[in-house]
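Fold and geometry: a report
Spelled out, the chains give:
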Amino acid sequence: MTAPLRRGEPVAVDVALGARAYQIVIGRGLTGQIGDRVRALRPGARTAIVTDETVARHHLPAVEAALRSAGVEAAHIVVPEGEGAKSYATFETVCEAIIAARIERRDLVVALGGGVVGDLAGFAAACVRRGLDFVQVPTTLLAQVDSSVGGKTGINSRHGKNLIGAFHQPVLVIADTALLDTLPVRQFRAGYAEVAKYGLLGDAAFFTWLEENWRDVFAGGPAREHAIAVCCRAKAGIVARDERESGERALLNLGHTFGHALEAAAGYSDRLLHGEAVALGMVLAFEFSARRGLVDGAQAARAAAHLAAAGLPTRLGDVPGGVPGIDALMDLIAQDKKVKRGTLTFILVRGIGQAFVANAIDAAEVRAFLAEKLK
Ligand SMILES: NC(=O)c1ccc[n+]([C@@H]2O[C@H](COP(=O)([O-])OP(=O)(O)OC[C@H]3O[C@@H](n4cnc5c(N)ncnc54)[C@H](O)[C@@H]3O)[C@@H](O)[C@H]2O)c1
Ligand SMILES: [Zn+2]
């Protein structure tokens, strides 16, 4: 892991799901090959690219050109940017546009964008004609390491995020790390929280490597491809073993119970991005584990120090505009996670790289912990 990294051939990661197996291809400058790769996968297929306004401005022309130069027909459907696009209204627009573009069972939907576009376009693909195949072309760091892999798709309900959806695996994921060069640094950093998550939940050596190499991941050197490949391999392995989240896949929620509560408290606004909330949530998960005597306080401090060095929030006091009081926070936690007779399920840790699913955590204990943190 310490040998100098050199930029080479694209890395291919297999997601071993039997008849639904697919590849994630990772490399800098892959956009130019999209047409050839799509044609090789599905000769004669037409495509409809779903993207958002911002991504369209930066990257749609290159993607369309690559498809067309390989002789692949490409229609495009551009939705507004932001979480608001994961709505019934935009879902309807996308489905109708896919049908209008005459995309049929042997054709492909291409999701070009961050997690919002991936979730929305993937869900539309799952529904139109009872299921169209789709290709993920993730354009945010979060999407390249997390949302484009694993087949969770969906939109939001007025009752909560991602409550309307389907498992629908893509047939190919193409992660061109150069597309991240146009991503605002704050968005990149938020995605980096999910990168660090893979180290913290199951790979201590990767976490150590990140402590040494994170600057190069941000700068776009070969460390970026390496980090994304490590994360995709980790997620691919977890998804292959537990596609529907009946066990191990829940580990990917490290930091997410606290994180979702904080995100909801900030109204899913620009005040706190998802990855920022997850960074804070992971620190809280480590500190809560330390409070229970599961992990050494020094390990919790080390996890927090790395996230803080990368510029992520690690204390409740870091949230602009503050966080709500203990009652409101506990209500939000109860909404996110099913409370069973006053107990909660959390992802806790026994060390860096050693997360586990902890059932039957007493809500009163969580409350006492958070009350201390809020002081
Ligand atoms: N399906 C899953 O397994 C899964 C996992 C994690 C998160 N998610 C979902 O992902 C969503 C968040 O995804 P996200 O963080 O990628 O947000 P996003 O898709 O909203 O993208 C963030 C912002 O960056 C812009 N952008 C995207 N790519 C860009 C680029 N290359 N250059 C410049 N700007 C660019 C977008 O227009 C947007 O404004 C949430 O809805 C979440 O629920 C899904
Ligand atoms: Zn997340």
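1. Looking at helix 12 (residues 326-336)
Turning to helix 12, its buried residues number three or more, namely Ile326, Leu329, Met330, Leu332 and Ile333. Down the axis, helix 12 shows its buried residues gathered within 160 degrees of arc, on one side only. In this structure, the buried side of helix 12 is in contact with helix 9 (256-265), strand 10 (343-349) and helix 13 (363-374).

2. Side note on the site of ligand 1
The environment of ligand 1 is formed by 26 residues, the closest being Glu81, Glu83, Thr139, Thr140 and Thr182. In this structure, Thr140 approaches ligand 1 through a side-chain N or O atom, which is 2.6 Å from an oxygen atom. Here a nitrogen atom of ligand 1 and a side-chain polar atom of Thr182 are 2.7 Å apart. Here ligand 1 has 870 Å² of accessible area as a free molecule, and 89% of this is covered by the chains.

3. Focus: the packing of aromatic side chains
Counted under the stated rule, the structure contains 9 aromatic pairs. Both rings, one in Phe91 and one in Phe123, keep their centres 4.7 Å apart while their planes meet at 25 degrees; by these two values the pair is stacked. Taken together, the positions of Phe91 in helix 3 (residues 88-100) and Phe123 in helix 4 (residues 115-127) put the pair 32 residues apart, joining distant regions of the chain. Across the pair, Phe123 and Phe91 agree in class, each one buried.

4. Side note on unusual backbone geometry
At Glu245, a position not held by glycine, the phi torsion is positive, near 60 degrees. Examined against the element boundaries, Glu245 turns out to sit in the loop between helix 8 (222-241) and helix 9. Judged by relative accessible area, Glu245 falls into the partly exposed class, the value being 28%. In the Ramachandran plot, Ala360 falls in the positive-phi region, its phi being about 55 degrees despite a non-glycine side chain.

5. Here we look at the pattern of salt bridges
On inspection of all chains with the given rule, the structure shows 23 salt bridges. The partner of Arg20 in a salt bridge is Glu243, and the shortest N-O contact between them spans 2.5 Å. With Arg20 in the loop between strand 1 (11-15) and strand 2 (22-27) and Glu243 in the loop between helix 8 and helix 9, this pair connects stretches of sequence that are 223 residues apart. Of the charged contacts in the structure, one is a salt bridge between Glu83 and Lys161, with a shortest N-O distance of 3.1 Å. Of the two residues, Glu83 sits in the loop between strand 4 (74-79) and helix 3 while Lys161 sits in strand 8 (residues 160-167), which places them 78 residues apart along the sequence. Judged by its relative accessible area of 28%, Glu83 is partly exposed. Connected through shared salt-bridge partners, Glu83, Lys86, Asp119 and Lys161 make up one network.

What counts as what
- Residues numbered from 1 in each chain as written.
- Chains lettered and ligands numbered in written order.
- Predicted model: local features only at pLDDT ≥ 70, side-chain atom pairs only at ≥ 80, totals over all residues.
- Heavy atoms only, no water.
- Buried < 20%, exposed > 50% of the residue type's maximum accessible area, 1.4 Å probe, protein only.
- Helix = DSSP H or I, 4+ residues; strand = E, 2+ residues; numbered from the N terminus.
- Arc of directions from axis to C-beta.
- Contact = heavy atoms within 4.5 Å.
- Near = heavy atom within 4 Å.
- Polar contact = N/O pair within 3.5 Å; in protein donor to acceptor, adjacent residues only side chain to side chain.
- Areas by Shrake-Rupley, 256 points an atom, 1.4 Å probe, with all protein chains shown as cover.
- Phe/Tyr/Trp six-rings, centres within 6.5 Å; stacked < 30°, edge-to-face > 60°.
- Salt bridge = Lys/Arg side-chain N within 4 Å of Asp/Glu carboxyl O.

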